[in-house]
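Residue-level structure breakdown
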Amino acid sequence: MFQSKYGSTGIVDKPFRPGKQEVALSAFAYLFSELVQYCQSRVSNISELERKLDEVGYGVGLRLLEVLAYRERGQRRETRLLDMLKFVHSTLWRYLFGRQARDLEQSNTAEDEYMISDTDLFVTKFVSVPREMGHLNPAAFVAGIVRGALDGAGFPARVTAHYVPVQGQPRPKTVILMKFQNYQAIMQRDKQQ
Amino acid sequence: MPCFTFYIFNRKGACQYYHEWQRLKPVRSGAGSQEEDFKLMFGLFWSMRALSSALDPKNPAKQQMGAPQRIGDGCSFNSFRTSAYKLHFLESPSGLKFVLTTDPSVGSLAEALQYIYASLFVELVAKNPLYSPGEPFLFEPFSAALNKYMRTLGLLS
Amino acid sequence: MPGIYSLWIVGRNGGLLYSRDFVQLPPIEFNDKLRLASSWFGMCGISAQLSPMPDSSGIQLLQADTFDLHSFHTLTGTTFMLLAEPQTPDAAELLRTTVYELYCDYVLKNPFHEMDQVIKSELFDQNVVALLQATNRRWGVGLPPQ
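Please read these numbers as outputs of a predicted model, since none were measured by experiment.

Cut-offs used in this document
Residues numbered from 1 in each chain as written. Chains lettered and ligands numbered in written order. Predicted model: local features only at pLDDT ≥ 70, side-chain atom pairs only at ≥ 80, totals over all residues. Pairing = 2+ DSSP bridges. Helix = DSSP H or I, 4+ residues; strand = E, 2+ residues; numbered from the N terminus. Axes fitted to C-alpha atoms, helices over the stretch in contact; angles between N-to-C directions. pLDDT = per-residue confidence, 0-100. Contact = placed C-beta atoms within 7 Å. Nonpolar A, V, L, I, M, F, W, Y, C, P; charged D, E, K, R; others polar. Buried ≥ 20, exposed ≤ 12 C-beta atoms within 10 Å, placed from the backbone. Expected span 1.5 Å × (residues − 1). Arc of directions from axis to C-beta. Core = buried A, V, L, I, M, F, W, Y, C linked by C-beta atoms within 7 Å. Parallel < 35°, antiparallel > 145°, perpendicular 65-115°, else oblique. Left-handed = near helix turned anticlockwise from the far one by under 90°.

All names here are of chain A. Strand order in this open sheet of four strands is E1-E2-E4-E3, and the pairing throughout is antiparallel. If you trace the sheet from one side to the other, it starts and ends with strand E1 (103-106) and strand E3 (157-164), each paired once. Taken over all neighbouring pairs, the strand axes of this sheet differ in orientation by 20° on average, direction set aside. Bridge count between E3 and strand E4 (residues 173-180): eight bridges; the pairing is antiparallel. By the bridge assignment for E4, tyrosine 163 is matched with threonine 174.

Next comes the structure, spelled out in structure tokens:
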């Protein structure tokens, strides 16, 4: 029933593993811009807008984990926290942005917090946040993707995106902060494996 | 044939002389009537003149915008062009305005307009006893000399 | 000496959306700027109407005694104005390619920009200033006001 009647290949006949598929940055930028405007028309304040973007990203992250675990890991998914973080930092990032994230580090102040930082995420490349919107970072969408992927793998966390100014650079970097829930339980589970 | 039309306006904005060599877009589908065409044309370069002196980047003592401007005051403009034509403009010290439209590829005609003013208009119109200043005129020698000069400039075949 | 003085952007209804000077210029009051922008918008319309030849665009270049005003009309009706020293090479080209490209990138792709509203995009401002100042420096034109 998914077969096209004109004899060309239908969607189910296409291989599940496509090659490298890239989209034009402009096309993505316009789509993302519309997404933000759509979300904006449905919220009354900044944190709601961030949550809305996060929710959209969550769905993407959950599905991405599925497809990447199949494609890149031979149907296996990571079960240890550190491996999972590396998966996000390299595999997921490479799929989304074509390269690894710049840094992955553990917070100095709280051991259940990890940070992925990167400059020049193309999600925010063309976006100028107006001053009255203060701390809003449109990379909340990326934070949502990360939260979706982590949640799907069994590491529920609160994930937020922040702008952090870098000295000597005109543009701030974006830090994705992950605060894991039940960190002790996760650590124990890691040890048992 | 790269020259299209020629206008002379008096200092009050009335058209004294109009000649067209070529006009593929008739006045009817532009301004509507010849009267209206003159009025709009005068309004166009009048505001262009005001804009030029208001934008002038080299004059720190600019007049307030909209203040009455004396002839020859402030920064004027020589020409503008669109994709279809180029309009050359000259204002004489007595406030007469000379407007010539040509093909957009034509270079600067500032000197040519100066010549039309000083050697053709002054000699053949201003010195003609039948000419009453500020009124429309139609003098055969002036028209003939204008055509001849356009030919020497290569603007008319 | 060639040089670029300022860039203005006028919206589809003749409102001034953006203006920025790149060298020290005699100041123009903001209200006068608004009036100049909308009268330029009107003049472009009238000049096309009065054209002796069919299918005329708006004004592309105004040559005044002390400056050139390059103007570029996008297909959707936005007008870009670039005020430059007479005979500045490539000014029209700069406007039509690079400046327009920056506008498409940093203004139109910005979710917080609304069509025909004043351009507040910081990134657009930064990039335009960097580009045109670099151009001016190449010609040895002095540094900007701020």
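Right, let's get into the confidence of the model for chain C. In the predicted model, chain C carries a mean pLDDT of 89, and the fraction of residues at 70 or more is 97%. Under the prediction, the complex receives an ipTM of 0.86, its pTM being 0.84.

Moving on, we come to the environment of valine 159 of chain A. Residue and element names in this part refer to chain A. Along the chain, valine 159 turns up in strand E3. Spatially, the C-alpha atom of valine 159 lies 7.3 Å from that of valine 146, the residues being 13 residues apart in sequence. The residues contacting valine 159, other than those within four sequence positions of it, are Ala143, Val146, Arg147, Ile176, Leu177 and Met178.

Listed by partner, the interface residues are 11 residues for chain C and 11 residues for chain A. Secondary-structure elements contributing two or more residues to the side of chain C that touches chain A are helix H2 (91-108) and helix H3 (122-138) of chain C. Ranked by residues supplied to the side of chain C that touches chain A, first place goes to H3 of chain C with three residues. Here the residues of the side of chain C that touches chain A sort into four nonpolar, three polar and four charged.

Turning next to the pairing of strand E2 (residues 16-21) of chain C. Residues and elements named next belong to chain C. The buried fraction of E2 amounts to five of the six residues, a majority that puts the element mostly inside the structure. In this structure, strand E1 (residues 4-10) lies alongside E2, joined through five bridges in antiparallel fashion. Note on E2: the bridge partner recorded for leucine 7 is arginine 20. Between E1 and E2, which follow one another and run antiparallel, lie five residues, and glycine 14 among them has a positive phi close to 90°.

All names here are of chain B. The end-to-end C-alpha separation of helix H3 (residues 140-152) is 18 Å, in line with the 18 Å expected for 13 residues at 1.5 Å each. Phe142, Leu146 and Met150 are the residues of H3 that are buried. An end-on view of H3 places all buried positions within 70° of arc, on one side of the element. Residues of H3 that are exposed and point over 90 degrees away from its buried face: Glu140, Pro141, Ala144, Asn147, Lys148, Arg151 and Thr152. In this fold, the buried residues of H3 make contact with strand E1 (3-9) and helix H2 (110-126). Downstream of H3 by one or two residues, glycine 154 has phi in the positive range, about 80°.

It is worth spelling out the arrangement of the chains at this point. Here two pairs of chains make contact, and the pair sharing the most contacts is chains B and C. If you take every C-alpha in chain A and every C-alpha in chain B, the smallest gap between them is 30 Å, and the two do not touch.

Val142, Val146 and Ala149 of chain A together with Val10 and Trp40 of chain C are the most contacted members of the largest nonpolar core, which totals 116 residues. In this structure, valine 142 of chain A is in contact with Gly57, Leu121, Val123, Ala161 and Ile176 of chain A, ignoring residues within four places of it in sequence.

Below, the discussion takes up the packing of helix H2 (residues 46-73) of chain A against helix H4 (residues 140-152) of chain A. Residues and elements named next belong to chain A. Taken N-terminus to C-terminus, the directions of H2 and H4 make an angle of 45°; their axes are 6 Å apart at the nearest point. In terms of orientation, H2 and H4 fall into the oblique class. Remark: the crossing between H2 and H4 carries right-handed chirality. Looking at the contact of H2 with H4 residue by residue, the class counts come to 14 nonpolar, six polar and five charged.

Residue and element names in this part refer to chain B. Counting buried residues in strand E5 (residues 97-102) gives six out of six residues, a clear majority hidden from the surface. A two-sided burial pattern is seen for E5, the buried positions comprising Lys97, Val99 and Thr101 on one face and Phe98, Leu100 and Thr102 on the other. By the bridge criterion, six bridges tie E1 to E5 in an arrangement that is antiparallel. Within the sheet, the bridge partner assigned to cysteine 3 lies in E5 and is threonine 102. The sheet contact formed by strand E4 (residues 86-91) and E5 spans six bridges and is antiparallel. Paired with phenylalanine 89 across the bridge in E5 is valine 99. The antiparallel pairing of E4 with E5 creates a hairpin that spans five residues between the two strands, and glycine 95 there sits at a positive phi of about 95°.

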